[in-house]
Amino acid sequence: MTGATIWLTGLPSAGKTTIARELAGRLRGEGHRVEVLDGDEIREFLSAGLGFSREDRHTNVQRIGFVAELLASNGVKALVPVIAPYADSREAVRKRHQAEGTAYLEVHVATPVEVCSERDVKGLYAKQAAGEISGLTGVDDPYEAPESPDLRIESHTQTVQESATALHTLLTERGLA
Ligand SMILES: Nc1ncnc2c1ncn2[C@@H]1O[C@H](COP(=O)(O)OS(=O)(=O)O)[C@@H](OP(=O)(O)O)[C@H]1O
Ligand SMILES: Nc1ncnc2c1ncn2[C@@H]1O[C@H](COP(=O)(O)OP(=O)(O)O)[C@@H](O)[C@H]1O
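Residues numbered from 1 in each chain as written. Chains lettered and ligands numbered in written order. Predicted model: local features only at pLDDT ≥ 70, side-chain atom pairs only at ≥ 80, totals over all residues. Heavy atoms only, no water.

The protein chain has the name Adenylyl-sulfate kinase in an unreviewed UniProt entry, where Streptomyces halobius is given as its organism. UniProt, in the comment section headed Function (unreviewed entry), describes the protein chain in these words: "Catalyzes the synthesis of activated sulfate." On record in UniProt, under Sequence similarities (unreviewed entry), the comment for the protein chain is "Belongs to the APS kinase family." (UniProt positions renumbered as here; feature names shortened; annotations may be inferred.)

If you want it as structure tokens, here you go:
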């Protein structure tokens with residue numbers, strides 16, 4: 001089976017993990033080999049010790065991109081729900097895939113910050129507002145939105161199932177599902 005990296009970029013609480021897990025379930029049901037490289041898990045193991053400076057986020061994204069490419073080049077659908085706020089970091093990951101001839105799709109989970117901060121799955125927006133943390137992506141830290149992603153998902157206007165279906169349709173169109 002053809003592997004691919006599907007990178008879901010977007011703000012905290014945008015819906016990246018939820019959509020990735022929904023899609024993973026569907027793909028597994030169809031017989032695909034799938035790995036979800038969850039940002040929080042990666043930061044516990046592969047990127048232990050890294051913080052949220054520009055440099056550390058870049059390093060984190062390059063490490064994840066490296067592992068995703070290895071998986072994808074071995075027939076796995078690597079789903080990556082990781083913020084990846086900087087365009088040049090994402091571009092480097094895309095170029096690495098291109099160089100290796102491995103499929104790479106960029107998906108922007110484009111949920112507005114107002115909706116994300118309302119969802120606030122991990123309480124980070126509240127902590128930032130209370131002055132307990134700073135450097136929160138999309139609030140007081142940069143998020144460079146992709147200019148031409150392979151797909152833009154407006155998660156605030158649709159259900160999780162609809163979002164996952166849109167992504168699954170893209171994979172089918174590209175001959176990947
Ligand atoms: N300051 C700050 N900014 C953004 N995110 C923060 C921050 N502090 C902790 N977190 C939590 O860490 C998760 C982001 O890690 P990532 O590895 O996805 O981010 S990055 O690409 O390296 O920027 C992210 O997970 P998601 O909410 O799933 O996106 C946050 O829960
Ligand atoms: N269409 C949608 N797609 C994804 N998540 C959605 C959608 N609509 C509502 N949600 C909710 O938004 C929240 C997103 O959280 P999560 O997936 O952890 O975000 P992220 O991984 O981007 O930080 C979940 O509680 C999810 O149920």
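Caption draft 1: Examining the site of ligand 1 more closely. Contacts to ligand 1 come from 19 residues, most closely from Arg 43, Arg 57, Asn 60, Ala 84 and Gly 135. Between ligand 1 and Ala 84, the relevant distance is 2.8 Å, taken from an oxygen atom to a main-chain nitrogen or oxygen of the residue. The separation between a nitrogen atom of ligand 1 and a polar main-chain atom of Gly 135 is 2.7 Å. Expressed as a share of its isolated accessible area of 620 Å², the protein-covered part of ligand 1 is 91%. (Near = heavy atom within 4 Å. Polar contact = N/O pair within 3.5 Å; in protein donor to acceptor, adjacent residues only side chain to side chain. Areas by Shrake-Rupley, 256 points an atom, 1.4 Å probe, with all protein chains shown as cover.)

Caption draft 2: The side chain of His 32, seen in detail. Along the polypeptide, His 32 turns up in the loop between α1 (16–29) and β2 (34–36). On the basis of relative accessible area, His 32 is assigned to the buried category, the value being 11%. Among the polar contacts listed, one links the side chain of His 32 to the side chain of Lys 77, at a separation of 3.2 Å. Apart from residues no more than four positions distant in its own chain, His 32 is found in contact with Met 1, Leu 27, Lys 77, Leu 176 and Ala 177. (Helix = DSSP H or I, 4+ residues; strand = E, 2+ residues; numbered from the N terminus. Buried < 20%, exposed > 50% of the residue type's maximum accessible area, 1.4 Å probe, protein only. Contact = heavy atoms within 4.5 Å.)

Caption draft 3: Summary view of the pattern of salt bridges. Under the definition given, this model contains nine salt bridges. Taken together, the salt bridges that share partners define one network made up of Glu 91, Arg 94, Asp 150 and Arg 174. (Salt bridge = Lys/Arg side-chain N within 4 Å of Asp/Glu carboxyl O.)

Caption draft 4: Region of the structure containing the site of ligand 2. Lining the immediate surroundings of ligand 2 are 16 residues, of which Ser 13, Lys 16, Thr 17, Thr 18 and Gln 158 lie closest. Between ligand 2 and the protein, one listed contact pairs an oxygen atom with a backbone N or O atom of Ser 13 at 2.8 Å. In this structure, an oxygen atom belonging to ligand 2 sits 2.8 Å away from a side-chain N or O atom of Lys 16. Protein chains bury 77% of the 570 Å² of accessible surface belonging to ligand 2 in isolation. For the shell around ligand 2, the secondary structure elements donating two or more residues are α1 and α7 (160–173). Looking at the shell around ligand 2 element by element, the count peaks at four residues for α1. Looking at the shell around ligand 2, its residues break down into six nonpolar, eight polar and two charged. (Nonpolar A, V, L, I, M, F, W, Y, C, P; charged D, E, K, R; others polar.)

Caption draft 5: Representation of helix α4 (residues 87–100) in the model. If you check α4, its first and last C-alpha atoms are 20 Å apart, about what 14 residues at 1.5 Å a residue would give, namely 20 Å. In the core, the buried residues of α4 are packed alongside β1 (4–9), α3 (54–72) and β4 (104–109). Phi turns positive one or two residues past the end of α4, at Gly 101, with a value near 70°. (Expected span 1.5 Å × (residues − 1).)

Caption draft 6: Just the nonpolar core, in detail. If you look at the biggest cluster of nonpolar residues, it comprises 27 residues, and the most contacted ones within it are Ile 6, Leu 8, Leu 79, Val 107, Leu 167 and Leu 171. Among the secondary structure elements, those contributing two or more residues to this core are β1, α1, β2, β4, β5 (151–153) and α7. If sequence neighbours within four positions are ignored, Leu 171 has contacts with Ile 6, Leu 23, Leu 27, Leu 105, Leu 176 and Ala 177. Among the nonpolar cores identified, the runner-up in size contains 12 residues, and Ile 64, Ala 68, Val 80 and Ala 84 belong to it. (Core = buried A, V, L, I, M, F, W, Y, C linked by side-chain atoms within 4.5 Å.)

Caption draft 7: Local environment of the sheet that holds β4. Here five strands make up an open sheet; going across it, the order is β2-β3-β1-β4-β5 and the pairing parallel. Bordering the open sheet on either side are β2 and β5, each of which pairs with just one other strand. Neighbour-to-neighbour, the strand axes of this sheet turn through a mean angle of 20°, independent of strand direction. Note that β1 and strand β3 (residues 77–81) share five bridges and pair parallel. (Pairing = 2+ DSSP bridges. Axes fitted to C-alpha atoms, helices over the stretch in contact; angles between N-to-C directions.)

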